[in-house]
Amino acid sequence: MAAVGSGGSVGAAPGMAVVAPLPALTSRLPVRRAAAKRAASGPQPAAPEQKRARSGTASSQPPGRAPLRALSVPAAPGPGPPRKALTVTAAPRTGKGNCGAAPVPAEAPVGGAHRRRAAWDLKGQLSDLRAALGNQKEKAQRLDGENRQLREQLRELQEALQERERRVEELDGCVSTLSTELEKHRQESELRGQQLEELREADRELSARLEAAEAQLHQTKAALAQSDSEVAELRLRAESQARRLREQEELHEAEVAELRAQNQTQSQRLQEKEEQQHALEMERRRLHNLVQELKGNIRVFCRVRPLLAAEKEKQKGMEHLHFPPQDNKTLVLLREEESHIGRERKEDLKYDFSFDRVFRPSASQEEVFEEISLLVQSALDGYHVCIFAYGQTGSGKTYTMEGPDALDPERRGMIPRAVRQVFQGAQELAEKGWQYRFSASFLEIYNESLRDLLGARPECGELEIRRVSSASEELHVPNLRRIPVASEDEVLQLLQTATANRSVARTALNDHSSRSHSIFQLRIDGTNAARELRCSSVLSLVDLAGSERLDKSQSQGKRLRETQSINTSLSSLGLVIMALAKKEPHIPYRNSKLTYLLQNSLGGNAKMLMFVNISPLEENFSESLNSLRFASKVNECVVGTAHANRK
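Since this is a predicted model, take the numbers as computed values, not measurements.

**Notes on the overall build of the protein chain**
- Helices and strands together make up the secondary structure of the protein chain, namely 13 helices and 19 strands.
- Taking all 647 residues of the protein chain together, the buried fraction comes to 36%.
- Taking contacts inside the protein chain between residues at least 6 apart in sequence as the whole, the part at least 24 apart equals 67%.
- Only carbon and sulfur atoms are counted for the fraction: they give 51% of the accessible area of the protein chain, which is about 40,800 Å².

Laid out in structure tokens, this is it:
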């Protein structure tokens, strides 16, 4: 086996491998550029120790053996002082199954002469063979040791090689990272160069602008110097004007003090005027109510409709109706009375009727409403007001109350006109501190059943008349729809809905006959916060169905039942009026839904007005006479005084 000396030299024993001393390693990491430089510079001279090792090996080589090859192994990196590279001398292979050594001849005799034994000297030959076998065994043991040493060195060399490759990979990664950073710094340098060039350009522009600004500043200083003199002059003028203003201010303060005193006096006078105005308003309401009471809580107006175009062809004039000139409260019905023999002609029968007002056929809707406008005003003052139209079918009741078109300003009826006056009056009273809220309802009485006309589909049997409370005689319909309204247009829309839902049909007497009694109610709630006053009232406008004679209307089936129901309710109304006129203790309000619902108005707690509508046709003379007689009984009724609902 090869022995490595402590001084780095190798023993030259024959047949042993020689290990060269390890070269010193530097602390600098190898890089590709350095390796490339070393490769370019050419082979390096061998170390002296290696030369000596090779020479010693050659000299100690026994004869007949192949020369040994020197292997240079780099030292593995690691902690501690740098290690030297190892040089291992190995014998070349000469064939299979041997270690590369030449066959060992038989040991020479002691004297140095090489002598062959005789063929018969078997013992000597055996001794020689045993000696040669021992030498071979020693050589095999020596070669096994060298082999193990070489394998250990090979393993160390492989580990060192792997470590070097790992370091090389790490250094390659560092080189790649440094290259990337270098490229990045190069780009940043170029960018900084561009920015520097831009800053230089901006600096040149700023220098030019600074020069221009300095020139402008020089001019401004010159202008400022010129304006200083002007400012001094203006200051003098301002001081002069300030003195004048102070003098005027003192005068104005005196005037303001005087005006404040006058304003205070005017405020006191205004407050007194408001008090007087409120007192006058209350007095106006009192006198207005007194005038209405003097006229009667139940007032009756008679209206005769004009002849239609088709009726003028059948009847020439209206000689059976006489309107005395200069008298708008009297109507006379004339009728020729023939003798039973047929030859003698008796004098005409005259029926005189007097009412609060009689409207001729030429009277317009506006003229009629002027007479009831004061009554509508009472509703804003807190009084219940009821206006209804009575008469035979086709006498113009619906025309009077609703009109042919609620949107037509000339022909609109009493209901839309009353609504307009109520909202206009509310706006005027708002200046005096009154605020009003309104809600509207519209129902009809069809075959003794109440129907809500403001619903999508009016149904019978759902509404009933009830008392407000057990301690009150006032009646209402609990489930009736009451819609809040804030303007005239909203009410007109409701009127159109109700008109579309009302029950009408064609009869022999009227092509568009109302088959029910319709009742429109506008509830009014007013408050005056400054005076702590409240008032509430209900304005009821009723369009009664017309009375019919079965022999003329020729009603059958459903129309017959409608006619009977209408005539029955109107007869009940007549009985109630008769009982009121005679001041009977029991008034039959409950005989029909119509009289029961109008009990609040007929009982004396409301201001009431009735239109009796008369047909101009002479063929309807009997029906007109009956209607006028009924209206006369109503006009003769005396009910209790209505009271305002104010708190």
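Still more ground to cover, so stick around.
**Focus: the sheet that holds strand β5 (residues 321-322)**
- An order of β5-β6-β7 is seen for the three strands of this open sheet, with the pairing classed as antiparallel. Every interior strand has two partners, whereas the edge strands, β5 and β7 (349-354), have only one.

**Considerations on helix α13 (residues 621-636)**
- For α13, which comprises 16 residues, the first-to-last C-alpha distance of 23 Å matches the rise-based estimate of 22 Å (1.5 Å per residue) to within 8%.
- Among the residues of α13, Phe621, Glu623, Ser624, Leu625, Ser627, Leu628, Phe630, Ala631, Ser632 and Val634 are the ones counted as buried.

**Overview of the pairing of strand β10 (residues 434-446)**
- Among the 13 residues in β10, 11 count as buried, and that is most of the element.
- Relative to strand β17 (residues 517-528), β10 is paired through 12 bridges, and the arrangement is antiparallel. Directly across from Phe438, in β17, lies its bridge partner Ile524.
- In this sheet, strand β14 (residues 483-485) lies alongside β10 in antiparallel orientation, the contact comprising three bridges. What sits directly across from Ala440, in β14, is Ile483.
- Alignment of β10 against strand β11 (residues 449-452), held across four bridges, turns out to be antiparallel. If you follow Leu443 over to β11, its bridge partner there is Asp452.

**Observations regarding the nonpolar core**
- By size, the foremost hydrophobic cluster in this structure holds 51 residues, and its most contacted members are Leu331, Phe388, Leu602 and Met610.
- If you list the elements that add at least two residues to this core, you get β4 (298-304), β6 (330-335), β9 (384-391), β10, α10 (558-582), α11 (593-597), β19 (606-614) and α13.
- Counting residues per element, this core draws most heavily on α10, which supplies seven residues.
- In terms of nonpolar packing, the next biggest core, distinct from the first, is built from 43 residues, Met414, Ala440, Cys535 and Leu609 among them.

**Section: the side chain of Arg502**
- One can find Arg502 in the loop between α8 (488-501) and β15 (504-505).
- Here Ser516 takes part through its backbone oxygen, which lies 2.6 Å from a polar atom of the side chain of Arg502.

**Brief notes about helix α7 (residues 414-430)**
- Between the first and last C-alpha of α7 there are 24 Å, a value that for 17 residues agrees with the 24 Å anticipated at 1.5 Å per step.
- Among the 17 residues in α7, 12 count as buried, and that is most of the element.

**Comments concerning unusual backbone geometry**
- A positive phi angle is found at Gln326, which is not glycine, with a value near 60°.
- The residue Gln326 is located in the loop between β5 and β6 in this model.
- With a phi angle near 60°, Glu448 is a residue other than glycine that sits in the positive phi range.
- Tracing the backbone shows Glu448 in the loop between β10 and β11.

**Observations regarding the side chain of Ser624**
- For Ser624, the location among the structural elements is in helix α13.
- Filtering out sequence-adjacent residues up to four positions away, Ser624 remains in contact with Leu333, Gln392, Ile614 and Ser615.

**As for the pairing of β6**
- One ladder, built from two bridges, connects β5 with β6; its direction is antiparallel. Bridging across to β6, His322 finds its partner in Val332.
- Pairing geometry for β6 and β7, over six bridges, is antiparallel. Along β7, the bridge assignment pairs Leu331 with Phe353.

**A look at the packing of aromatic side chains**
- Counted according to the given criterion, the structure contains nine aromatic pairs.
- Taking the centre distance of 5.7 Å and the plane angle of 75° together, the rings of Phe301 and Phe359 count as edge-to-face. Here Phe359 lies in strand β8 (residues 357-359) and Phe301 lies in strand β4, a separation of 58 residues in the sequence. For the pair formed by Phe301 and Phe359, the shared burial category is buried.
- Each ring, one from Trp434 and one from Tyr436, has its centre 6.1 Å from the other, and the planes form 20°; the classification is stacked. With respect to class, Trp434 is no different from Tyr436; both count as buried.
- Among the aromatic residues, those joined into a cluster by ring pairs are Phe423, Trp434, Tyr436 and Phe438.
- Stacked on the ring of Tyr446, the Lys or Arg Arg451 has its end atom at 5.3 Å from the ring centre.
- Lys607 extends its terminal NZ or CZ atom over the ring of Tyr383, reaching a point 4.7 Å from the ring centre.

**Comments concerning the packing of α10 against α13**
- Put simply, α10 and α13 touch, their axes get as near as 8 Å, and they point 40° apart. By the angle between their axes, α10 is oblique relative to α13. Crossing handedness for the pair α10 and α13: left-handed. The residues of α13 that touch α10, namely those facing Leu573, Gly574, Ile577, Met578 and Ala581, are Phe630, Lys633 and Val634.
- When its residues are assigned to classes, the contact of α10 with α13 shows six nonpolar, one polar and one charged.

**Observations regarding the packing of α7 against α8**
- In contact at an axis separation of 10 Å, α7 and α8 are set at 160° when each is read in the N-to-C sense. Judged by the inter-axis angle, α7 sits roughly antiparallel to α8. Viewed along their axes, α7 and α8 form a crossing whose handedness is right-handed. Contacts between α7 and α8 involve Ile415, Pro416, Val419, Arg420 and Phe423 from the former and Glu488, Val491, Leu492 and Leu495 from the latter.
- Within the contact of α7 with α8, the residues separate by chemical class into seven nonpolar, no polar and two charged.

**Re the confidence of the model for the protein chain**
- Confidence in the prediction for the protein chain averages 77 pLDDT; 71% of positions are at 70 or higher.
- At the low end of the mean pLDDT range in the protein chain sits strand β1 (residues 19-20), at 40; at the high end sits β14, at 94.
- Low pLDDT (under 50) marks residues 1-114, which in the prediction has 137 contacts with non-local residues, meaning those over four places away or in another chain.

**Description of the pattern of salt bridges**
- Evaluated as defined, the whole model comprises 19 salt bridges.
- One salt bridge connects Arg117 with Asp121, and the closest N-O pair in it is separated by 3.1 Å.
- For Arg117, a relative accessible area of 35% puts it in the partly exposed group.
- Using a relative accessible area of 19% as the deciding quantity, one classes Asp121 as buried.
- Connected through shared salt-bridge partners, Arg117, Asp121 and Asp128 make up one network.

About the thresholds
Residues numbered from 1 in each chain as written. Predicted model: local features only at pLDDT ≥ 70, side-chain atom pairs only at ≥ 80, totals over all residues. Heavy atoms only, no water. Helix = DSSP H or I, 4+ residues; strand = E, 2+ residues; numbered from the N terminus. Buried < 20%, exposed > 50% of the residue type's maximum accessible area, 1.4 Å probe, protein only. Contact = heavy atoms within 4.5 Å. Areas by Shrake-Rupley, 256 points an atom, 1.4 Å probe, with all protein chains shown as cover. Pairing = 2+ DSSP bridges. Expected span 1.5 Å × (residues − 1). Core = buried A, V, L, I, M, F, W, Y, C linked by side-chain atoms within 4.5 Å. Polar contact = N/O pair within 3.5 Å; in protein donor to acceptor, adjacent residues only side chain to side chain. Phe/Tyr/Trp six-rings, centres within 6.5 Å; stacked < 30°, edge-to-face > 60°. Lys NZ or Arg CZ within 6 Å of the ring centre and 35° of its normal. Axes fitted to C-alpha atoms, helices over the stretch in contact; angles between N-to-C directions. Parallel < 35°, antiparallel > 145°, perpendicular 65-115°, else oblique. Left-handed = near helix turned anticlockwise from the far one by under 90°. Nonpolar A, V, L, I, M, F, W, Y, C, P; charged D, E, K, R; others polar. pLDDT = per-residue confidence, 0-100. Salt bridge = Lys/Arg side-chain N within 4 Å of Asp/Glu carboxyl O.

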